[in-house]
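# Chain and residue survey
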Amino acid sequence: MEFAVHRKMADSADGNGGWHADREVQRSPQGGVVSPVLANLFLHYAFDAWMAREYPDLPWCRYADDGLVHCRTEAEATAVKAKLAARFAECHLEMHPDKTKIVYCKDAKRKGKYPNTMFDFLGYRFGPKAVKNKKTKEVFTNFIPQVSASSLKSMRKTIKELQLRRRTHVELADIAQEINPVLLGWLNYYGAYTPSALRPIWHYVNATLVAWVMRKYKSYRGAKIQAGRLIESIAVKRRRLFVHWKLGITGMFA
């Protein structure tokens, strides 16, 4: 059995499983322009260099004030977490009491029962998931990343703020031209692992296009099913119009 220490300074999982202790340091106001710069400069010495000296055999990663240390046993993860707390105290930092935790990387080989088996990092959620072996068709549990719920929520907010359904003065091609770069960015980043987890946002975009049709054309006002069928027929004929249509995500229009 393996473990690791995951601090809300950086979450990561390499698939080899383990425990993670999660922490987040006190910092300048969140969203401040200088915050990530200060975090990187200070934490390079407070954490990076210190980890290289104290735990040269443990894999770790950090992004701004998020970090992860991969450990081999629960006892090791607990010890690393305690030493990290002491180290940050020396540097006048404080580990976040709620976001600092030890996470068990549960999969087919690690079947223990622990309260924390997943964590979010850089827009991804790392956790146990049932997957199928492509060759043997066997279903097993693997510890893998996929787009997080908070990231999906942020994407829906981005689409909503564009107020596409109210732009009745433009054509469908104009909407595609505007949002395709955004959709492609999401696909390239979040689609690298478990691309199927992006389906909710693709369906949300489709539903938004249906709402646009209902506002733009009087004959479709209040006719959600008919509007959905119209967009679906366009998606079938012009699959290259939207990024997600190219993937075959042409359902859920109504």
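Residues numbered from 1 in each chain as written. Predicted model: local features only at pLDDT ≥ 70, side-chain atom pairs only at ≥ 80, totals over all residues. Heavy atoms only, no water.

To continue, consider the environment of Phe-119. Here Phe-119 shows up in strand 6 (residues 119-121). Note on Phe-119: relative accessible area 2%, which makes it buried. (Helix = DSSP H or I, 4+ residues; strand = E, 2+ residues; numbered from the N terminus. Buried < 20%, exposed > 50% of the residue type's maximum accessible area, 1.4 Å probe, protein only.)

Throughout the structure, instances matching the rule amount to 9 salt bridges. As a salt-bridge pair, Arg-125 and Asp-120 come within 2.7 Å of each other at their nearest N and O atoms. With a relative accessible area of 33%, Arg-125 lands in the partly exposed category. The partly exposed category is assigned to Asp-120, whose relative accessible area is 26%. A cluster of three or more residues bridged by salt bridges with shared partners is formed by Asp-57, Arg-72 and Glu-76. (Salt bridge = Lys/Arg side-chain N within 4 Å of Asp/Glu carboxyl O.)

On average, residues of the chain score 85 in pLDDT, and 84% of them are at 70 or above. In the model, residues 8-17 has pLDDT below 50 throughout and makes 58 contacts with residues more than four positions away in sequence or in other chains. This model gives residues 22-28 a pLDDT under 50, and the stretch forms 38 contacts once residues within four places in sequence are excluded. (pLDDT = per-residue confidence, 0-100. Contact = heavy atoms within 4.5 Å.)

Where the residue is not glycine, phi is negative for most of them; where a peptide bond is considered, it is trans in most cases. One non-glycine residue, Ala-64, lies in positive phi territory at about 55°. If you trace the backbone, Ala-64 turns up in the loop between strand 3 (60-63) and strand 4 (66-69). For Ala-64, a relative accessible area of 13% corresponds to the buried category. You will see that His-92, though not glycine, has its phi angle at about 60°, which is positive.

Strand order in the open sheet formed by 3 strands is 6-7-8, with antiparallel pairing between adjacent strands. Edge positions in the open sheet fall to strand 6 and strand 8 (139-147), since each of these has one partner strand only. Neighbouring strand axes in the sheet, compared pairwise and without regard to direction, differ in orientation by 45° on average. (Pairing = 2+ DSSP bridges. Axes fitted to C-alpha atoms, helices over the stretch in contact; angles between N-to-C directions.)

Turning to the packing of helix 5 (residues 199-216) against helix 6 (residues 224-237), a few remarks are in order. Relative to each other, helix 5 and helix 6 sit at 115°, their axes nearing to 9 Å. Of the possible angle classes, the one that applies to helix 5 and helix 6 is roughly perpendicular. For the crossing formed where helix 5 meets helix 6, the hand is right-handed. In this structure, helix 5 contributes Leu-209, Val-210, Val-213 and Met-214 to the contact, and helix 6 contributes Lys-224, Ala-227, Gly-228, Leu-230 and Ile-231. Its residues assigned to classes, the contact of helix 5 with helix 6 comprises 7 nonpolar, 1 polar and 1 charged. (Parallel < 35°, antiparallel > 145°, perpendicular 65-115°, else oblique. Left-handed = near helix turned anticlockwise from the far one by under 90°. Nonpolar A, V, L, I, M, F, W, Y, C, P; charged D, E, K, R; others polar.)

Once that is clear, we can look at helix 2 (residues 74-90). Relative to the 24 Å expected for 17 residues at 1.5 Å per residue, helix 2 spans 25 Å between its end C-alpha atoms, a close match to the ideal helical length. Buried within helix 2 we find Glu-76, Ala-77, Val-80, Leu-84, Arg-87 and Phe-88. Buried positions in helix 2, seen along its axis, are confined to an arc of 100° and lie on one side of it. Across helix 2 from its buried face, at more than 90 degrees, point the exposed residues Ala-75 and Glu-90. (Expected span 1.5 Å × (residues − 1). Arc of directions from axis to C-beta.)

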